[in-house]
Amino acid sequence: MVISLISVVGFVMIYQKYEECQGQLELREREMASYQRNVYSATKNLPKGTIITEENVCQELRYMDVPQELFASQDAFGKRINHDVEKGTYLTDAMLEYDNPQSREVFISEIDIPEFLQSGDRVDIRIRYNNAEDYTVLVDKILVRCTASGGMVLELSEEEILLVSSAIADKNVYDNTKLYAVKYPENKSQESGEITYIANEEVLKILKKEKKEGESRTALEERLMQKQ
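As a starting point, this report considers the structure included with it. (Residues numbered from 1 in each chain as written. Predicted model: local features only at pLDDT ≥ 70, side-chain atom pairs only at ≥ 80, totals over all residues. Heavy atoms only, no water.)

**Here we look at the overall build of the chain**
Quick reminder of the rule: Numbering of helices and strands runs from the N terminus, with a helix taken as a DSSP run of H or I at least four residues long and a strand as a DSSP run of E at least two residues long. Only protein chains enter the accessibility calculation, which uses a 1.4 Å probe; a residue is then buried when its area is under 20% of its type maximum, exposed when over 50%, and partly exposed in between. What makes two residues a contact is simply this: any of their non-hydrogen atoms within 4.5 Å. Each accessible area is a Shrake-Rupley result for a 1.4 Å probe, and residues are judged covered by the shown protein chains and nothing else.
When you go through the chain residue by residue, the secondary structure sums to 4 helices and 9 strands. The helix and strand sequence of the chain, counted from the amino end, reads α-β-β-β-β-β-β-β-β-α-β-α-α. Counting only residues that meet the buried cut, the chain has 35% of its 228 residues in that class. For the chain, long-range pairs separated by at least 24 residues make up 67% of all intrachain contacts whose partners lie at least 6 apart in sequence. Approximately 14,500 Å² of the chain is accessible, and the part contributed by carbon and sulfur atoms is 51%.

As structure tokens, this is what we get:
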């Protein structure tokens, strides 16, 4: 009888221990599940401006202590990344470049386009005057597409449209002035340049920068007229 009682007590203790371990296991599983994150990672090096597609990212299940909402979701497809991303990097929402509602796709035929340029390239647009002065008109733009007629399409803000319009006017006014595109190196992390071009007087007035930059523009025009 005593042996049976001991057996029963032993069984109860074992069962209680089993339930305790089972509870700890379930708790651990719930904790692990709370760290599950569905993420998209780059399958190759992605230069700034690359459009996210199913070919250049893959979905993975990972465990990490970072909120799920910070990672890129399916909404990332069709978006561009705003800086260079190395292979294997997890994409976050902050890496994505959302469309500016004020931007427009603009066709420009007055810019010299190197033969090696293609859609998706990062480019700066520069102007070189007949006295060899050279300035950056637009910085770090994504070439939406090139056309068979020798033009290009860029997505530009209102201010950028005005700047390039002024540069085109300069090209027509000052002999031997060149408006051209330069490409950022592929698969290299490179910061954007800075706009150094000063628009003509009419555009400066529209941008309300005539007081800030008007004197420099006047000096530029005087130098160009002397050369011409």
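We are not done yet, so read on.
**Observations regarding helix α2 (residues 158–173)**
Defined as follows: What a helix is expected to span follows from its residue count: subtract one and scale by 1.5 Å.
An ideal rise of 1.5 Å per residue puts 22 Å on 16 residues; α2 measures up with 23 Å between its terminal C-alpha atoms. Regarding α2, the residues found buried are Glu 160, Ile 161, Leu 162, Leu 163, Val 164, Ser 166, Ala 167, Ile 168 and Asp 170.

**Some thoughts on the pattern of salt bridges**
Opposite charge on two side chains lets them pair, provided their charged atoms get close. Going by this rule: One side-chain nitrogen of Lys or Arg within 4 Å of one carboxyl oxygen of Asp or Glu is enough to make a salt bridge.
A complete count under the given rule lists 12 salt bridges for this structure. Across the pair Asp 84 and Arg 122 runs a salt bridge whose closest N-O atoms are separated by 3.9 Å. Taken together, the residues Asp 84 in the loop between β3 (80–81) and β4 (96–97) and Arg 122 in strand β6 (residues 122–128) connect sequence positions 38 residues apart. The two residues Asp 84 and Arg 122 agree in class, both being buried.

**Some words on the sheet that holds strand β9 (residues 178–183)**
Test applied: Pairing between strands is defined by DSSP: at least two bridges between the two strands are required. Orientation is described by lines fitted to C-alpha atoms, with helices fitted over the stretch in contact, and by angles between N-to-C directions that extend from 0 to 180 degrees.
If you walk across this open sheet you meet the 5 strands as β5-β8-β7-β6-β9, and the pairing is antiparallel. Because the sheet does not close on itself, it has two edges, and the strands there are β5 (104–108) and β9. Looking at each pair of strands side by side, their axes are set apart by 45 degrees on average, direction ignored. Note that β6 and strand β7 (residues 134–146) share 6 bridges and pair antiparallel. Looking across to β7, one finds that Arg 122 is bridged to Ile 142. Its contacts with the sheet put α2 on β5, β6, β7, β8 (152–156) and β9, and the angle it makes with β7 is roughly 115 degrees.

**As for the packing of aromatic side chains**
Quick reminder of the rule: We call Phe, Tyr and Trp rings a pair once their centres come within 6.5 Å, taking the six-membered ring for Trp, and we label the pair stacked below 30 degrees between planes, edge-to-face above 60, and tilted otherwise. In this analysis the charged atom, NZ for Lys or CZ for Arg, is taken to sit over a ring once it is within 6 Å of the ring centre and within 35 degrees of the ring normal.
Taken as a whole and judged by the stated rule, the model has 3 aromatic pairs. Centre to centre, the rings of Tyr 129 and Tyr 135 are 6.1 Å apart; their planes meet at 65 degrees, and the pair counts as edge-to-face. This pair shows no difference in class: Tyr 129 is buried, exactly as Tyr 135 is. According to the relative accessible area criterion, Tyr 129 is buried, its value standing at 2%. Three or more aromatic residues joined by ring pairs make a cluster, and in this case those are Tyr 129, Tyr 135 and Tyr 174. The aromatic ring of Tyr 184 is capped on one face by Arg 122, whose charged end is 4.1 Å from the ring centroid. Over the ring of Tyr 180 we find Lys 178; its NZ or CZ atom is 5.4 Å from the centre of that ring.

**Here's the deal with unusual backbone geometry**
Although it is not a glycine, Asp 140 adopts a positive phi angle of roughly 50 degrees. Inspection of the secondary structure assignment puts Asp 140 in strand β7. Overall, the relative accessible area of 11% leaves Asp 140 in the buried class. Backbone geometry places Asn 176, a non-glycine residue, at a positive phi of 60 degrees. For Asn 176, a relative accessible area of 70% translates into the label exposed.

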